[in-house]
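Given next are the chains, with one letter for each unit.
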There are 2 protein chains.
Amino acid sequence: MADVFDKCRAWTRVRDAVTAGIMPYGHVIEDLVDGTEAVVGGRKVVMLGSNDYLGLSADPRVKAAAQEAIDRYGTSCSGSRLLNGTRPVHGEFEQRIADFLGREAAVVTATGFQTNLAISTLLGHGDVVLTDRGNHASLVDAARLGFAEHRRYRHNDVEHLAWLLDTSGADRGKVIVTDSTFSIEGDLCDLPAIVRLAREHDARVVLDCAHDLGVLGAHGRGAPEHFGLESQVDLVTGTFSKAFGSTGGLIAGSREVVDFIRHLGHPAVYSAAMPPAAVAAADMALQIIEQEPERRTRLLDIAERLHNGLRALGFDTGRSTTHVVPVLIGDETLCLRFWTALLDAGVFTNAFVTPALPADKTMIRASVLATHTDTQLDQALEAFARVGRELGVIPATPPRTYEPVMTARPVTA
Amino acid sequence: MADVFDKCRAWTRVRDAVTAGIMPYGHVIEDLVDGTEAVVGGRKVVMLGSNDYLGLSADPRVKAAAQEAIDRYGTSCSGSRLLNGTRPVHGEFEQRIADFLGREAAVVTATGFQTNLAISTLLGHGDVVLTDRGNHASLVDAARLGFAEHRRYRHNDVEHLAWLLDTSGADRGKVIVTDSTFSIEGDLCDLPAIVRLAREHDARVVLDCAHDLGVLGAHGRGAPEHFGLESQVDLVTGTFSKAFGSTGGLIAGSREVVDFIRHLGHPAVYSAAMPPAAVAAADMALQIIEQEPERRTRLLDIAERLHNGLRALGFDTGRSTTHVVPVLIGDETLCLRFWTALLDAGVFTNAFVTPALPADKTMIRASVLATHTDTQLDQALEAFARVGRELGVIPATPPRTYEPVMTARPVTA
């Protein structure tokens, strides 16, 4: 007799990985010291696996703001924004984040995942949504929930995108939806080409700036500011669980579009409001992001050092020019062994294997924080060198030359 | 030229409602006194529109627990559970909630919406998912994201469900997914009939106990306990944003199934972990739910008084036997006017109109809290009486008899 739970019984991958001693997922972070040093399995390790890019989740000002919001508003809104969950902090913060981004309006929800899902609200019958194959899972699911025709282009392949636009029918509503910084590979989308194609084909552009909001651009307004193309991007989505040290997400754009999503998007309408503590934390983080640009500078400096330190050793960090630093490994089992050996050597990273990536194109992701010290970075590079040589990922002697990376720092005039 | 944003421009409903002065959505709750009295538009009103059923979002113990978690863990996990977002509180709380529910395992995510979406992970090609047409939007979207054939039965119509099961093919994996307490009408699903049909057809049962977890059953274990059918329900989902005074959600069941969802469900894998403050608040709420059964008793007592007070006036509260009290209105414009007049008369409720309900079957939802006083309830009933008569929803003189409601209280031996 068939049973919908059969698939759970048949799925032994985690049990197998645990048995083999190469299980990189779900480890308990027992403690975090300044966000940069983690205690895992009772041992202190350098934390290169967090998205707390500016180190704000441990910032005393951010913590105090969240605690004060609990004093004032309690621990929950106990309902959705539209019915009963809108408190004064929501509208105030939405206006501030919209102003920060130079947009008319913004709506926040309890998670970045849900704000991305809410993009589905715009995808009607007869429309075409064009998405990068490297997009985050939440955008994939948004396209699946929408009613538009879903056409996917090869990762960062603007010629493929152009061909799909050419063949999508001139009279149909079209929207290009892409990550601006891809979450695994850390590379930036080709925004100049994308907005040019959008203009040529009367398509809209929706950009998920999850990893670069608060980080890229002279003012931290993310990839659109970095590229000098803010006016060409119709809708920006983002998360507060990375640079903003909180949890939640936002969509910013014209009031008309934002209100449409606010009133009709399932993840906005049928889910409890972003908790006041999370709003207050993100709001304080926004102030710090505006007032302390040196955090962004430090982050991209140290990211550049990590990229080039790894490259000097013979590692391949792909096409990333950001603080999300991929280390290409290849074979899946090798990747899991590499992750485990790195942890033993005192560095916590993230492993990306199937189904996120093909089994022969797996990678380790290292993400730096503005609060990492140079010493921590040196320790991490030493561990990478040792493990890389032991497992044959890099040659015993470093290559004579390497292609250096320059991270996506603002050009100062 | 078609534009995906045309639909936003064409959508004037909110603007029209605001112009007409009958806009029930998105009002700012300026203040909440003990959770039971709201300040809206500068005026104090009785709050009959919140899901804070046990009054725990304002409980000093719950607030302190959340604030301590921020001290200890910061304001965010800065990543997903599998990669870097698992802190000691997550596993501890998951074990406690699983023990509370008498289940092997549980997984929590940042919102109840997302836990429900994660049910999609179980819906494979060739499977059949059978859902109640009155299900919450998150379950509708879960079915749409899954790969199973989606068959919907008329609201609480077990004969229709039986027919769909009969015609679904004996050799296919089948799962019935339903709300236990329906979120608008407040009626309970016919769980005895559903589990009987499931047994006969080798189908699994997934129950979303969002509104009754912590509320129904002698120990607050929700609808399955209320019906004495816990062992017949395969998977329970729930939210922490109602009785638990927090934000987040859970799935509880066998370890095999829970782990499958934990490792493969997009909303679990690709979204930031439930924040430690939210975990700590829900965990403290769980302790209070276990230790203070009088809150549940009070809630269902006062709900019964509201039901019967409304019925004595001539209102129709449908088939609800719970603390979610619908007041059937009918015509959509009348419903919006009724909601507005009630607010003017000092009572905040929720209005449900299209697209949630047909335009001629709209309703007001009043939800009581354990912390409401008898005086507040009397004030609310007085306002309902006055507005109901003014707008012709009830007769000028009360009916001579009415069918009383008994709420779903535990039977004491």
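For clarity, every value in this text was computed on a predicted model and none was experimentally measured.

Caption draft 1: Just the overall build of chain A, in detail. On a plain count of helices and strands, chain A comes out with 16 helices and 14 strands. By the compact-globule yardstick of 22 Å for 413 residues, chain A fits well, its C-alpha radius of gyration being 22 Å. When its C-alpha atoms are laid out on the principal axes, chain A stretches across 70 × 60 × 55 Å. Buried positions account for 65% of the 413 residues belonging to chain A. Once the 40 positive and 52 negative side-chain charges of chain A are each reduced to a mean point, those two points are 2 Å apart.

Caption draft 2: Region of interest: the sheet that holds strand E11 (residues 324–330) of chain B. Residues and elements named next belong to chain B. The three strands lie next to each other as E11-E14-E13, forming an open sheet whose pairing is antiparallel. Each edge of the open sheet is held by one strand with a lone partner, namely E11 and strand E13 (350–352). Averaged over all neighbouring strand pairs, the angle between strand axes comes to 25°, with direction disregarded. Pairing of E13 with strand E14 (residues 362–367), which is carried by three bridges, proceeds in the antiparallel orientation. Counted as the bridge partner of Ala 351 is Ile 364 from E14. In the packing of helix H15 (residues 332–344) onto the sheet, contacts are made with E11, E13 and E14, and the angle to E14 comes to roughly 30°.

Caption draft 3: Representation of the interface of chain B and chain A within the structure. Opposite the 97 residues of chain B that make contact, chain A presents 97 residues. Approximately 8000 Å² of surface area, both sides summed, lies buried where chain B meets chain A, with 61% of it carried by carbon and sulfur atoms. Connecting chain B to chain A are eight salt bridges. The salt bridge involving B:Lys7 is made with A:Asp127; its shortest N-O contact spans 2.7 Å. The tally of links from chain B across to chain A stands at 37 residue pairs in polar contact (both at pLDDT 80 or more). Here the side of chain B that touches chain A is composed, by residue class, of 44 nonpolar, 29 polar and 24 charged.

Rules of the game
Numbers given for residues are sequential positions, taken from 1 along each chain in its written order. Naming scheme: in the order in which they are written, chains are lettered from A and ligands are numbered from 1. The model is predicted, so local features are restricted to residues of pLDDT at least 70 and side-chain atom pairs to those at 80 or more, both for listing and for counting; the totals for chains, interfaces and linings are taken over all residues. No hydrogens and no water enter the side-chain calculation; it runs on all heavy atoms of the structure. Secondary structure counts use DSSP, requiring at least four H or I residues in a row for a helix and at least two E residues in a row for a strand, with both numbered from the N terminus. Within these notes, the globule rule equals 2.2 Å times the number of residues to the 0.38 power, and the radius of gyration is based on C-alpha atoms. Exposed residues in this analysis have more than 50% of their type's maximum accessible area, buried residues have under 20%, and partly exposed residues fall in between, with area computed by a 1.4 Å probe over protein chains only. Charge counting follows a simple rule: Lys and Arg are positive, Asp and Glu are negative, and His as well as the terminal groups are ignored. All charge positions are set by atom: Lys at NZ, Arg at CZ, Asp at CG, Glu at CD. Two strands form a pair only when DSSP identifies at least two bridges running between them. Where helices are involved, their axes are fitted lines through C-alpha atoms of the stretch in contact, as for all axes, and angles between N-to-C directions lie from 0 to 180°. By the convention used here, residues are in contact when the closest approach between their heavy atoms is within 4.5 Å. Buried area, as used here, totals the accessible surface that two parts lose on assembly, with accessibility defined by a 1.4 Å probe and the loss added over both. Think of a salt bridge as a Lys or Arg side-chain nitrogen and an Asp or Glu carboxyl oxygen that are within 4 Å of each other. Pairing of N or O atoms within 3.5 Å defines a polar contact, subject to two protein rules: one partner must be a possible hydrogen donor and the other a possible acceptor, and residues neighboring in sequence count only if both atoms are side-chain atoms. Side-chain classes follow a simple rule in which Ala, Val, Leu, Ile, Met, Phe, Trp, Tyr, Cys and Pro form the nonpolar group, Asp, Glu, Lys and Arg form the charged group, and the remainder, Gly included, forms the polar group.

Everything listed is a geometric property; what it means functionally is a separate question.
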